[in-house]
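Okay, here's what each chain looks like letter by letter:
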Amino acid sequence: MALRLVKIQSQISTLTSSRLIVGRYLATGGMALAAAKNNQKVDPIKQLFLDKLKEYNQKKKTAAGGLVDVTAEQEKAMADEFQRIKNRFGGGDLTEFPKFDFQK
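If you're wondering where the values come from, they're calculated on a predicted model, not measured in any experiment. (Residues numbered from 1 in each chain as written. Predicted model: local features only at pLDDT ≥ 70, side-chain atom pairs only at ≥ 80, totals over all residues. Heavy atoms only, no water.)

Structural notes on a nonpolar patch on the surface
Turning to step 1, where the next piece is worked out: Side chains of Leu67, Met78, Phe82 and Leu94 sit close together on the surface and give an oily, nonpolar patch of about 330 Å² of accessible area.
Turning to step 2, where the next piece is worked out: Inspection of the secondary structure assignment puts Phe82 in helix α3 (residues 72–89). (Patch = residues over 30% accessible without salt bridge, like charges linked within 9 Å, V, L, I, M, F, W, Y side chains within 5 Å. Areas by Shrake-Rupley, 256 points an atom, 1.4 Å probe, with all protein chains shown as cover. Salt bridge = Lys/Arg side-chain N within 4 Å of Asp/Glu carboxyl O. Helix = DSSP H or I, 4+ residues; strand = E, 2+ residues; numbered from the N terminus.)

Put into structure tokens, the structure is as follows:
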């Protein structure tokens, strides 16, 4: 009986300490979020990254599903590489995932 009581007390202690840890985490996280909302300055590196993403999305829309900022030489090299791989591995559509058929 005493051993069982010690186990229950240990579980209660663990639960209580877990609650305290979670409470502290939420409290400090909440303060950090409030500070971030109040501080409207954006990190210049982060802003540069976001600007480049927007620029890339615009270029991607105008590329009509093709590669962005690609030269004719690069397109030809890619087509040659696809053809080489097709010849080596027996043809087929290289843009689709292969279908496997396992015999029992």
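After presenting the structure, the write-up continues.
Digging into helix α2 (residues 44–62)
An α-helical turn contains 3.6 residues, so a residue and the one three or four places further along point in the same direction.
Turning to step 1, where the next piece is worked out: Here α2 spans 27 Å end to end across 19 residues, near enough to the 27 Å set by a 1.5 Å rise per residue.
Turning to step 2, where the next piece is worked out: Backbone geometry just after α2 places Ala64 at a positive phi near 55°. (Expected span 1.5 Å × (residues − 1).)

Examining α3
Turning to step 1, where the next piece is worked out: Spanning 18 residues, α3 covers 26 Å between terminal C-alpha atoms, matching the ideal 26 Å at 1.5 Å per step.
Turning to step 2, where the next piece is worked out: Positive phi appears at Gly90, one or two residues downstream of α3, with a value of about 85°.

Focus on the pattern of salt bridges
Turning to step 1, where the next piece is worked out: Under the defined criterion, the tally for this structure stands at 5 salt bridges.
Turning to step 2, where the next piece is worked out: Ionic pairing is found between Glu55 and Lys59, a salt bridge with its closest N-O pair at 3.3 Å. Of this pair, Glu55 and Lys59 both sit in helix α2, separated by 4 residues, roughly a single helical turn.
Turning to step 3, where the next piece is worked out: For Glu55, a relative accessible area of 36% corresponds to the partly exposed category.
Turning to step 4, where the next piece is worked out: Among the residues examined, Lys59 registers a relative accessible area of 30% and is labelled partly exposed.
Turning to step 5, where the next piece is worked out: Lys59 serves as the salt-bridge partner of Asp69, at 3.0 Å between the closest nitrogen and oxygen. Highlighted residues: Asp69 in the loop between α2 and α3 and Lys59 in helix α2, separated in sequence by 10 residues.
Turning to step 6, where the next piece is worked out: Since its relative accessible area comes to 58%, Asp69 is described here as exposed. (Buried < 20%, exposed > 50% of the residue type's maximum accessible area, 1.4 Å probe, protein only.)

Observations regarding the packing of aromatic side chains
Turning to step 1, where the next piece is worked out: One pass over the structure, following the stated rule, counts 2 aromatic pairs.
Turning to step 2, where the next piece is worked out: When the centroid spacing of 6.3 Å and the interplanar angle of 80° are considered together, the rings of Phe97 and Phe100 count as edge-to-face. The same class applies to Phe97 as to Phe100, namely exposed.
Turning to step 3, where the next piece is worked out: When the ring of Phe100 is compared with that of Phe102, the centres are 6.2 Å apart and the planes differ by 20°; the resulting orientation is stacked. Here Phe100 and Phe102 have matching classes, each one exposed.
Turning to step 4, where the next piece is worked out: Connected via pairs of aromatic rings, a cluster forms that spans Phe97, Phe100 and Phe102. (Phe/Tyr/Trp six-rings, centres within 6.5 Å; stacked < 30°, edge-to-face > 60°.)

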